[in-house]
Amino acid sequence: MDLPDSFLADMSALLGEAESADLFAALQEKPLTSVRLNRLKCPPPTMLEEQMRVPWCESGYYVGLRPVFTFDPLFHAGCYYVQEASSMFVAHVVKHYVTAPVVTLDLCAAPGGKSTLLRSLLPEGSLLVANEVVRNRAQVLVENMTKWGHPDVVVTNSDPEAFHSLPAFFDVVLTDAPCSGEGMFRKEPAAVEEWSPENVKQCQERQRRIMTDVWPSLKPGGLLIYSTCTYNIKENEENVRWMCSELGAEPLPVPEVNPAWRITGSLLPPSEDMAMSGAGEGLPVYRFLPHKTQGEGFFLAVLRKPLGEEMHPTLNEGLPAVSRKGKREKMVRRAESPLSQEQLRQTKTWVKNAEQYDWTFAGNRLSLFPSAYSGQLQTLQSALQVLQAGVTVAEAKGRDFVPAHALAMSTVLSRDSFPSVETDYAQAVAYLRKEAIILSDAPRGILLLTYKGVPLGFVKNVGNRANNLYPQEWRIRSGHVQPEVNIL
Ligand code: SAM
């Protein structure tokens, strides 16, 4: 791979001749592959437990050669997410700084790596808003969040500017900013083609606009986690300094970072750092360089919004963060719903703890959303383009009312509500390709297909065949014949 001259010169100036040579050599090597498990779905024990764990993330594992994940049914069932190891450092930050329920925003969320991580790591009772400004990427985010299966998620498709209408709404904001992507050079060669000093400058300006837009929506005392996948000091340290001076942010160190992980600190001259950190120490920032740390290029800083008049006692103090007031809408809006009360009662039996949710019927879909956050949802709906909130439980199809695919993917599913049929590998892949399935000896009606005991989706068995209810737009399109893929 030919790296741009200007990039080589910048990195040599920053790291020195010897270290930059090590970095450039590492950039010519193959990227590492890693996955993060969805502990609420994984069938234990897993083969992966024998692989090397990502040291800063309890559910992250390096996998050897990159398998064809598309042909692993458990990948489509949301049992794991293929995520670059360095990014999983967000788990270490959350573990240390977020110990009580919070309202969290992932502002630049697609395809959903960090949102799925946040959703697994945030304390029980938290709400996650996963936002993506680019429409088609937001649809991929909906798919990945649906497969991850947690009910307390809202997916939105809004420009950062829209968050002005949500002053002091979030306890935690993660901004994984669009960047020049130097850390992706060895994983995505297109990133090398797109790189230029002008592009770096544009990225820096865009990142500042994004931070300015989202800052008012963070509560005083709340945390902003800023990350990029570039090594570039302009988009990293210079932006952290800018957030401190222009927005009044306070940089925070991340506790218990093991020196064995060989994470690199600030690359600013120490004197400038000391002025910024105010503590006589270097600016607390965390850079992952692939010749030192086992992962791709990544940068992260944690910043706190100073406490103003409005106190924010929740982070790390074990107090519930969320105002639970707000109008509750416990009932289905009957005027719009073709459901009889009996059908609704029946449908609620498909869900565990159905009484904890608001049930709404819109379009042809019946959905649930945690009642504890109904006030917040109304506020979000008035400010943002909400694509999905909670879980779609059922859909009207003609005269039928069938369980939705999202229900099969969700942790709210009451498994006993449907007869289950375990598939073998070939049947599972055929199902995911949305092919017709023949299930001899299975009962008629709606069945839950499982693979290795994990729900894959629903079929309607009519006897001579089973109608495949897998979402058309998510089907495996490749007709490639593949030997069984086993990751877990
Ligand atoms: N956090 C994601 C994950 O872990 O899977 C990756 C996010 S990627 C680094 C940055 C995202 O920012 C992209 O999805 C991109 O579409 C989005 N983006 C691009 N321009 C943006 C802008 N002006 N404001 C907000 N987001 C933007």
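The sections below set out a description of the structure shown in this document.

Rules of the game
Residues numbered from 1 in each chain as written. Predicted model: local features only at pLDDT ≥ 70, side-chain atom pairs only at ≥ 80, totals over all residues. Heavy atoms only, no water. Buried < 20%, exposed > 50% of the residue type's maximum accessible area, 1.4 Å probe, protein only. Helix = DSSP H or I, 4+ residues; strand = E, 2+ residues; numbered from the N terminus. Pairing = 2+ DSSP bridges. Axes fitted to C-alpha atoms, helices over the stretch in contact; angles between N-to-C directions. Contact = heavy atoms within 4.5 Å. Near = heavy atom within 4 Å. Polar contact = N/O pair within 3.5 Å; in protein donor to acceptor, adjacent residues only side chain to side chain. Salt bridge = Lys/Arg side-chain N within 4 Å of Asp/Glu carboxyl O.

This next bit is on the pairing of strand β11 (residues 298-304). β11 sits mainly inside the fold: 6 of its 7 residues count as buried. Looking at chain direction, strand β8 (residues 218-228) and β11 are connected through 6 bridges and run antiparallel. Residue Tyr226 lies in a different strand from β11, and its bridge partner there is Ala301. Taken together, the 4 bridges between strand β10 (residues 285-288) and β11 define a ladder with antiparallel strand orientation. Residue Val285 lies in a different strand from β11, and its bridge partner there is Ala301.

Turning our attention to the sheet that holds strand β1 (residues 33-37). The sheet built from 3 strands is open, its strands ordered β2-β1-β3 with antiparallel pairing. Only two strands of the sheet have a single partner each, and these edge strands are β2 (60-63) and β3 (80-82). Ignoring which end each strand starts from, the neighbouring axes of this sheet average 30 degrees apart. Here 3 bridges tie β1 to β3, and the two strands are oriented antiparallel to one another. Paired with Val35 across the two strands is Val82, which belongs to β3. Contacts between helix α5 (residues 113-121) and the sheet are confined to β1 and β3, with β1 contributing the most and set at about 35 degrees to the helix.

Moving on to the pairing of β8. Counting buried positions along β8 gives 11 out of 11 residues, so the element sits mostly inside the fold. Note that strand β7 (residues 170-176) and β8 share 6 bridges and pair parallel. Opposite Asp176, over in β8, you have Ser227 as the bridge partner.

Residues in contact with the ligand amount to 17 residues; listed here are only the nearest, Cys108, Gly113, Glu132, Arg137 and Asp176. Glu132 places a polar side-chain atom, nitrogen or oxygen, 2.6 Å from an oxygen atom of the ligand. Between the ligand and Arg137, the relevant distance is 2.8 Å, taken from an oxygen atom to a side-chain nitrogen or oxygen of the residue. Elements that contribute at least two residues to the shell around the ligand include exactly α5 and α8 (197-214).

Bringing the pattern of salt bridges into the picture now. Two side chains that carry opposite charge are able to pair once their charged atoms sit near each other. The full count for this structure, using the stated rule, is 12 salt bridges. Note that Glu58 and Arg39 form a salt bridge whose closest N and O atoms lie 3.0 Å from each other. With Glu58 in the loop between β1 and β2 and Arg39 in the loop between β1 and β2, this residue pair connects regions lying 19 residues apart in the sequence. Among the ionic pairs, Arg137 bridges to Glu132, the shortest N-O distance being 3.9 Å. The exposure class assigned to Arg137 is partly exposed, which follows from its relative accessible area of 40%.

Bringing helix α4 (residues 89-97) into the picture now. Of all 9 residues that make up α4, 8 are buried, and the element is covered over most of its length. Listed as buried for α4 are Phe89, Val90, Ala91, His92, Val93, Val94, His96 and Tyr97. Lining the buried residues of α4 we find α5, β8, β9 (250-252), β10 and β11.

Everything listed here is a matter of coordinates, which is why it stays silent on function.
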